[in-house]
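Below, each chain spelled out in residue letters.
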Amino acid sequence: MKISYNWLKTFLNTELPAEEVAEILTHCGLEVESIEYKSALKGGLKGIVVGEVISKEKHPDADRLSLTKVNTGKTQPLSIVCGAPNVALGQKVLVAEIGAVLHPITGEPFEIKKSKIRGQLSEGMICAEDEIGLGNSHEGILVLDNTAEIGQPASVYLKLQDDQIFEIGLTPNRADAASHLGVARDLAAALNYRAFLNTSPQAPRALRLPEPGPYTVLDTGKKTDVFVEDSLACPRYCGVNISGVTVKESPDWLKNRLSSIGLKPINNIVDSTNFVLHELGQPLHAFDADKITGDKIFVKKLSAKTKFTTLDGVQRELDSEDLMICSVTDPLCIAGVLGGADSGISATTVNIFLESAWFNAVSVRKTAKRHGLKTDASFRFERGTDPNAPLFALRRALQLILEVAGGEITSPLTDIYPSPAGHFKVGLSYSNCDEFIGKKIDPKIIKTILLSLGIEILSEGAEALLLSVPPFKVDVTREVDVIEEIVRIYGYNNIEIPRTLHSSITYSIHPDPEEVQDSVSAFLSDNGFNEILTNSLTRSFSKTSASPEKSSEITLLNPLSTDLQVMRQTLLFSGLEAISYNLNRKNSDLKFYEFGKTYLKTASGKYIENKQLALFLTGNTSTENWNTQHPGSTNFFSIKGAATAVLNRLGIDNTKTDTPKSDNPTQANDPNDPPSDLLSEHLRISAGKKSIVSLGRVKNQHLKTFDIKQNVWYAEFNWDNLIEHLKKNKTEFREIPRFPSVRRDLALLIDKQVTYQQLREIAFQTEKKFLNQVNIFDVYEGEKLQAGKIQPEKKSYALSFILQDENETLTDSQIEKIMERLQKAFTEKAGAIIR
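Computed from a predicted model, the values in this text were never measured in an experiment. (Residues numbered from 1 in each chain as written. Predicted model: local features only at pLDDT ≥ 70, side-chain atom pairs only at ≥ 80, totals over all residues. Heavy atoms only, no water.)

1. Section: the nonpolar core
Among soluble globular proteins, nonpolar side chains are generally buried collectively. Formed by 54 residues in total, the largest nonpolar core has its most connected members in Phe166, Ile168 and Ile269. Contacts of isoleucine 168, omitting those with residues within four sequence positions, involve Met1, Ile3, Leu25, Leu30, Glu31, Val32 and Val183. By size, the runner-up hydrophobic cluster in this structure holds 31 residues, among which are Leu332, Cys333, Phe359 and Ala368. (Core = buried A, V, L, I, M, F, W, Y, C linked by side-chain atoms within 4.5 Å. Buried < 20%, exposed > 50% of the residue type's maximum accessible area, 1.4 Å probe, protein only. Contact = heavy atoms within 4.5 Å.)

Printed below as a string of structure tokens:
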């Protein structure tokens, strides 16, 4: 939400720097995410000053040019060549000095430089209004009043007001602050509290509310009757007729106000309603009264599947629960959401009906979500608007329209309000307040803050207060809500951390999941990975997610948008979004990791929530430097090595690997594995009977969705299974062996289907006592592997074996016996031929 500081000052007398105001607002719960500085004109007229023409001569080499001397208050006057026909001696003019950058109405900005024009020196420029963005005229230079002060900056002379725009991250519970008035109310409360602490003698800062002036109602003219048929969905409805308006462009002050907060001016009628919305937080809607058939308004619900075309030109099918504003024959507007295409204000509109209402927040929210609409009006109605604001806002808009569009009021102000909303009565106990906040606060401070927030004290005792909370604070209905209001203004930073901490010894499980996560996170970060944090809500990837018989997406009933409508089933897609974002910014060598949860729903309706660790690799293994001109690209072994390194860091080494196959019904896949249609070159690492890691290359069809044109390697750890396995692991401390280890190598000719994993398992099953490590250091596949014979179905593995006895040095005979047993085992169990 954008808030203009200049607009804010119309409610509150303050000259504090924008940065200080931003800090105050942030501390009282309205977080200012950024401050944007806006000039009334592009460039702010910097480098342009008031000058006086003290001499004028004809240019010797050009009939239409003049040589002038201009006094700008400096030691020496400026020599300026001027081509304007109206330049004259003694004029006060605007002078752009050397270095000034001008922003003309049309064309690109340009810098004023010292130059020669037809051989004569020119040290600046005397400006026309279109050359500095003030207007469209180029008939001559802009001549100022004789009272203009020489040397005065142009921005000061023209009284241009620069502005600062606060971008506020408004939380859903702060509907009362969804306007300039609401923000000013909080700022006033914070400043008054500061003044109270400083025992300032100045009077409390009071809000200056706009005061709609008196108006006269003509007895003749257009009059629209209103009938509210659903008072639950519309507890209050106000309206008035205005006849004889002139729809045209809004005056500059109104356009500037709206433009400052990012709104595009439309016309004087619509701009007036938008102005009041952002000023007071009350949405309004203007109808072309001549298009209201029967001169009657009905607030009601229509039958399902009724067709209605909204202002955006989209024909929508209504739901039976959608509240509509209707004429005798046609729907005119979706109440609180969006107007209709046929009843809005146009250039030919002469008579209008102005609406200001209090609509039920739940009704508006459901309707807006059903139709996928998000408007400034629905944003406020969904959160709850002030039930006492419609009539005041209507009078304020009425005043503006009469001022900028003319016309006459031809009907009394309609106000249908059968059940007025009352104030919330809330009791506040001082002891409860102190307990919730964690600090004892002086009752005088509490009462000062409450009064500054507009909360009335009905009665007070030694231990408690009875309060009357105004209905514009829709989220303050309980004692704890009042306490939150107090601590917002008091300041969370003013609550000291206690010097003593009372704690009890608690049983902690082993291993501690947080410690394990911190350990792995530090390990990955130390090895060049960057941690990412993505949203657990995402858009639907049903075509690429798990098969329907395995699981289905969990869809939100009330999503914020189509991009946040399902709970993720895998960390892959959100990670690919982060990779795509970086690739688009020329950051191509990436190593990411993320801890997060995934959510599945089985065919039986059971919900599964798992914690995952995801690793992403793409691009080159290292950056280019003088010593490595062509670094290698990441590959399957890069991601497998990273995953294995994590397991080794946690002491998990007794693992098995296999290749999951979705079309193999005899293979018991873990239901929490990533679906096989996401990865190619897919490998699974298991510990015990449970899958720990699945890894591979992301398939091109998924990379194409994110416009990624390079390989991405992905590993997904089932963190819950990993923690369960760690519970069975025992940490043992051993003395460093005093006796040397021995290495022996074997070259084996084996069938192609035999894997290294099988050979490794055979080796450890055969020799459990002295065999420490097995490693593969050479692989060969070719036509000739043995004695010139062609072996198309064979391959050669070269394995190394590390043998060690912790108690004594192994003898040659012991080593030979071990190697003989290994050779026999490989021959019998794997069909190997020893080369």
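2. Points about the pattern of salt bridges
This model, assessed by the stated rule, comprises 35 salt bridges. For lysine 9, the salt bridge identified is with glutamate 15, shortest N-O distance 3.9 Å. On the basis of relative accessible area, lysine 9 is assigned to the partly exposed category, the value being 23%. Between glutamate 97 and lysine 74 there is a salt bridge, with its nearest N and O atoms 3.0 Å apart. A residue pair is termed long-range when its members are at least 10 positions apart, and glutamate 97 in strand 6 (residues 92-97) and lysine 74 in the loop between strand 4 (66-71) and strand 5 (78-82) qualify at 23 residues. The buried category is assigned to glutamate 97, whose relative accessible area is 17%. Among the charged side chains, a network of salt bridges with common partners joins Arg174, Asp176, Asp186, Lys473, Glu485 and Arg488. (Salt bridge = Lys/Arg side-chain N within 4 Å of Asp/Glu carboxyl O. Helix = DSSP H or I, 4+ residues; strand = E, 2+ residues; numbered from the N terminus.)

3. Overview of the sheet that holds strand 30 (residues 537-538)
Spatially, 3 strands are ordered 30-32-31 in an open sheet, and the strand pairing comes out antiparallel. The open sheet has two edge strands with one neighbour each: strand 30 and strand 31 (554-555). Here strand 30 runs beside strand 32 (residues 566-567); their pairing, made up of 2 bridges, is antiparallel. Note on strand 32: the bridge partner recorded for leucine 537 is methionine 567. (Pairing = 2+ DSSP bridges.)

4. Section: the environment of leucine 191
Take leucine 191: it is sitting in helix 4 (residues 180-197). Residue classification places leucine 191 among the buried residues on the basis of a relative accessible area of 4%. Placed 292 residues apart in sequence, leucine 191 and isoleucine 483 show a C-alpha to C-alpha distance of 19 Å. What leucine 191 contacts, discounting residues up to four positions off in sequence, is Leu12, Thr14, Leu16, Ile24 and Arg205.

5. Regarding the side chain of threonine 375
In this fold, threonine 375 is placed in the loop between helix 7 (361-371) and helix 8 (376-383). Among the polar contacts made by the side chain of threonine 375, one reaches the main-chain carbonyl oxygen of valine 337 at a distance of 2.8 Å. Dropping the residues within four chain positions of it, threonine 375 is found in contact with Val337 and Leu338. (Polar contact = N/O pair within 3.5 Å; in protein donor to acceptor, adjacent residues only side chain to side chain.)

Treat this as a map of the structure, not an account of what it does.
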